[in-house]
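Letter by letter, the chains look like this.
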There are 2 protein chains.
Amino acid sequence: MAAVKQKAMKRKEFIQKGMITAAGATLLLSGCNTESQKQGQEAPAVITNKKYRWKMVTTWPPNFPVLGEGCNMFADWVNNMSGGQMEIKVYGSGELIPGLECFDAVSSGAAEIGNGASYYWTGKAPAAPFFTTVPFGMNAQQMNAWVYSGGGLQLWRELYANFGLIPFPGGNTGVQMAGWFNREINTIGDFKGLKMRIPGLGAKVLAKAGGTAILSSGNEIFTNLERGVIDATEWIGPYHDYIMGFHKIARYYYAPGWHETGSMLEFFFNMKAFNELPAHLQAILETAAARLNIWVLSEFEAKNNEYLVKMMKEDKVDVRIFDREILKALKKYTEEVLNELAASDPFSGKVYDSYLAFSENIHNWASFSEKLYYEMNL
Amino acid sequence: MAAVKQKAMKRKEFIQKGMITAAGATLLLSGCNTESQKQGQEAPAVITNKKYRWKMVTTWPPNFPVLGEGCNMFADWVNNMSGGQMEIKVYGSGELIPGLECFDAVSSGAAEIGNGASYYWTGKAPAAPFFTTVPFGMNAQQMNAWVYSGGGLQLWRELYANFGLIPFPGGNTGVQMAGWFNREINTIGDFKGLKMRIPGLGAKVLAKAGGTAILSSGNEIFTNLERGVIDATEWIGPYHDYIMGFHKIARYYYAPGWHETGSMLEFFFNMKAFNELPAHLQAILETAAARLNIWVLSEFEAKNNEYLVKMMKEDKVDVRIFDREILKALKKYTEEVLNELAASDPFSGKVYDSYLAFSENIHNWASFSEKLYYEMNL
């Protein structure tokens, strides 16, 4: 790429492209486009003196590294950008309500903002996991492309509108680790009888492989793994797994996180409260969410290696990579699980169609770009 | 990953982590941290009625797809978020000044904002390419991690402060294509005598391989390639290359873009003008830049495959992948070029040290995450 002069761009195709209105955003062309000018005049809102003091409930423990920390930063950014007009008080899980009640609380208007991950609400909205992650799904960069520029956000909004909510992307964990295991997994057969703490669609895939998903809340996992109530658990990645202390009690740390290949995190707003805001505060909230989206992933990516190396050196953690045949088998089971989901719920089917078409396209492009990047550099 | 209850997080390590102040951002802990509370009180700025009408000069042709288009969106977001207090007029290259004069124009205060790519300013600041891309360098996700969470932005600010400028990341092209060739490249020897339009550090690598970099401004490339003045040219990726029409006149389209593995785009602000802004407008500009950063990459990633497939189907473009041995040889030459740069300019040496240490770490983590992701899905 290099700087180009204006003249080079006078092709017909280019002019046509320049007129494209970006998905989900109003494009103000700097030329003399009538439609754009009209929108430009309508856009600025009058800033009133009305103060907003909003509550954000989250699924994370208070000040949880990266995720809760990011919510605090978000509140700070919104406060700063609005010149103090909007103050957001962030509540960790259990401070105002339990984390898993966030969705209902924001839906009812008890709080104006929620922060979590859409797949926690699968019981209410079966299509929800597609907006966080599905096993063998897209990674962070691809999820962003689908959500911002591939129609994903429109589908997500359609789903959440049923609950009086408006969602925005608000972070991503990147590719996770497959988890901590107290037995070796050398073939797909080794999942037979395995008792693993793994939630969501991953649990259904495990069941197809002959394992058993055991429910454990966050505070019980460590003890359950230590006492042999479970043989394995997934969590996030090296940074957060280190904090949980799993390296002290589990033998093997497996990669890659086939069940969570780039989990998108979310903000959701009470629709009525959001729609009643002046336009400048709506724009501030949406923009701050996008900033947090990129920061959260950057922070995970910057920190994970430090903790991975620390655990390998200090604690002699045995890091293993799943055999290709194991991953192939898990992928086959995943396709069954996703097809069953799509067949059982029409909206899930609609979302899956969009998701699948987009991921096939972006994977084709990745085979000439990102995939080759990793092959040439690592 | 799954929702956790507060109790689980009461480990000592966790509390320590929760106190970490994020790089480049003030973390407002929602608890009773004195330092944070103090900052919270100082943060909100008084919104005055003073209007700001700023000029943004860019290195892109007016309304250039994605890149110029993104600048227009940025201006729109800032206008909306500030309730009309800040209006930014975006100028394409040649509208107010030629694109390559942006840096000086913003440095002098003739315009308040610039948008381009740091490597255009290598003649003034030799370390500049590290903040866009260097051959065999980091990809988009890794660049963001380095810049936002790994100290990169601090170094970038240190460099630009010499010119009275403040930089912010503002986009990324993702992994580019290696370019269009009118001869096959089967061995590193095939670069001997090759006349290629390739700028920057890539040109120095080409020279080491026996090729000749030919300067061509954007509007001359097509004609030069058609008439055989050059044998090859790089540009960006399928979406923009299609607009340029190279598929009509070049035989081979090579991947991957070893010379631009994730080019970060930039905003730069006149330091005096930026520092004199009320705090809420500073926060609005920084946040809008981050939103554009994630949108630009998403847009490229969402569109590239469509145009790649279009060219392959409609125009029978012959897409090739460089042999591994070719890439190895180019990588060796790249190391020489970067070491020469680091030796010739102390600040480049300092930046290279940070860049290299960070990329070695994140590549190690990628070998358990992103690399395995592509291997298992493609």
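Remember, predicted model here, so these are calculated numbers, not experimental data.

**A short note on the overall build of chain A**
When helices and strands are tallied, chain A shows 14 helices and 11 strands. If you take every contact in chain A between residues at least 6 apart in sequence, the share linking residues at least 24 apart comes to 76%. For chain A, the exposed area adds up to about 13,300 Å²; of that, 51% sits on carbon and sulfur atoms.

**Observations regarding the interface of chain A and chain B**
Each partner contributes to the interface: chain A provides 131 residues, whereas chain B provides 134 residues. For the chain A and chain B pair, buried surface summed over both sides reaches about 12,200 Å², with 63% attributable to carbon and sulfur atoms. The shortest N-O distance in the salt bridge between B:Arg291 and A:Glu286 comes to 3.3 Å. A per-class count over the side of chain A that touches chain B returns 72 nonpolar, 39 polar and 20 charged.

**Focus on the packing of helix 12 (residues 324-344) of chain A against helix 13 (residues 346-366) of chain A**
Residues and elements named next belong to chain A. At a minimum axis distance of 5 Å, the contact between helix 12 and helix 13 shows a crossing angle of 130 degrees. As judged from the angle between their axes, helix 12 and helix 13 are oblique. Contact residues: Leu338, Asn339, Leu341, Ala342 and Ser344 in helix 12; Pro346, Ser348, Gly349 and Tyr352 in helix 13.

**Regarding the relation of the copies chain A and chain B**
When chain A is fitted to chain B, the best match, at an RMSD of 0.0 Å, comes from turning it 180 degrees and sliding it 0.0 Å along the axis. Those values place the two copies in the arrangement expected of a two-fold rotation axis. By C-alpha distance to the rotation axis, the residue of chain A lying nearest is A:Arg291, at 2.7 Å. Looking at the interface residues of chain A, 100% of them are also at the interface in chain B, so both copies use one shared face.

**What about the domain arrangement of chain A?**
All names here are of chain A. Looking at chain A, the domain boundaries give domain 1 (52-172 + 262-301) and domain 2 (179-259 + 316-361). Between the C-alpha centres of domain 1 and domain 2 there is a distance of 25 Å. The partner domain 2 presents 25 residues to the 23 residues of domain 1 that form the contact. With both sides pooled, the region where domain 1 packs onto domain 2 buries about 2,300 Å², and carbon together with sulfur makes up 80% of that total. Of all residues in domain 1, Phe130, Pro135 and Phe136 give up the largest surface area on contact with domain 2, accounting jointly for 34% of the area buried on that side.

**Re the environment of B:Ala290**
With respect to the element layout, B:Ala290 can be found in helix 11 (residues 279-314). Looking at B:Ala290, the relative accessible area reads 2%, which means it is buried. Note: C-alpha distance between B:Ala290 and B:Leu225 (65 residues apart in sequence) is 37 Å. Those residues in contact with B:Ala290 that lie beyond four places of it in its chain are A:Arg291, A:Ile294, B:Tyr148 and B:Pro169.

**Considerations on the sheet that holds strand 3 (residues 113-116) of chain B**
Residue and element names in this part refer to chain B. The 5 strands lie next to each other as 2-1-3-10-4, forming an open sheet whose pairing is mixed. Only two strands of the sheet have a single partner each, and these edge strands are strand 2 (86-91) and strand 4 (165-172). When the angles between neighbouring strand axes are averaged without regard to direction, this sheet yields 25 degrees. The sheet contact formed by strand 1 (residues 52-58) and strand 2 spans 6 bridges and is parallel. Residue pairing for strand 2: Arg53 is matched across the bridge by Glu87. Its contacts with the sheet put helix 3 (residues 67-81) on strand 1, strand 2, strand 3 and strand 10 (264-270), and the angle it makes with strand 2 is roughly 170 degrees. Packed onto the sheet, helix 5 (residues 140-149) meets strand 4 and strand 10 and runs at close to 155 degrees relative to strand 4.

**Notes on unusual backbone geometry**
A:Ala255 connects to A:Pro256 through a cis peptide bond whose omega is -10 degrees. The residue A:Pro256 is located in the loop between strand 9 (252-255) and strand 10 (264-270) in this model. In this structure, A:Phe136 is a non-glycine residue whose phi angle is positive, near 55 degrees. Looking at where A:Phe136 falls in the secondary structure, it is placed in the loop between strand 3 (113-116) and helix 5 (140-149). Despite not being glycine, B:Lys316 has its phi angle at roughly 50 degrees, a positive value. Mapping B:Lys316 onto the fold places it in the loop between helix 11 and strand 11 (318-321).

Cut-offs used in this document
- Residues numbered from 1 in each chain as written.
- Chains lettered and ligands numbered in written order.
- Predicted model: local features only at pLDDT ≥ 70, side-chain atom pairs only at ≥ 80, totals over all residues.
- Heavy atoms only, no water.
- Helix = DSSP H or I, 4+ residues; strand = E, 2+ residues; numbered from the N terminus.
- Contact = heavy atoms within 4.5 Å.
- Areas by Shrake-Rupley, 256 points an atom, 1.4 Å probe, with all protein chains shown as cover.
- Buried area = accessible area lost by both parts, 1.4 Å probe.
- Salt bridge = Lys/Arg side-chain N within 4 Å of Asp/Glu carboxyl O.
- Nonpolar A, V, L, I, M, F, W, Y, C, P; charged D, E, K, R; others polar.
- Axes fitted to C-alpha atoms, helices over the stretch in contact; angles between N-to-C directions.
- Parallel < 35°, antiparallel > 145°, perpendicular 65-115°, else oblique.
- Least-squares fit on C-alpha atoms with pLDDT ≥ 70 in both.
- Domains from an automatic or database assignment.
- Buried < 20%, exposed > 50% of the residue type's maximum accessible area, 1.4 Å probe, protein only.
- Pairing = 2+ DSSP bridges.

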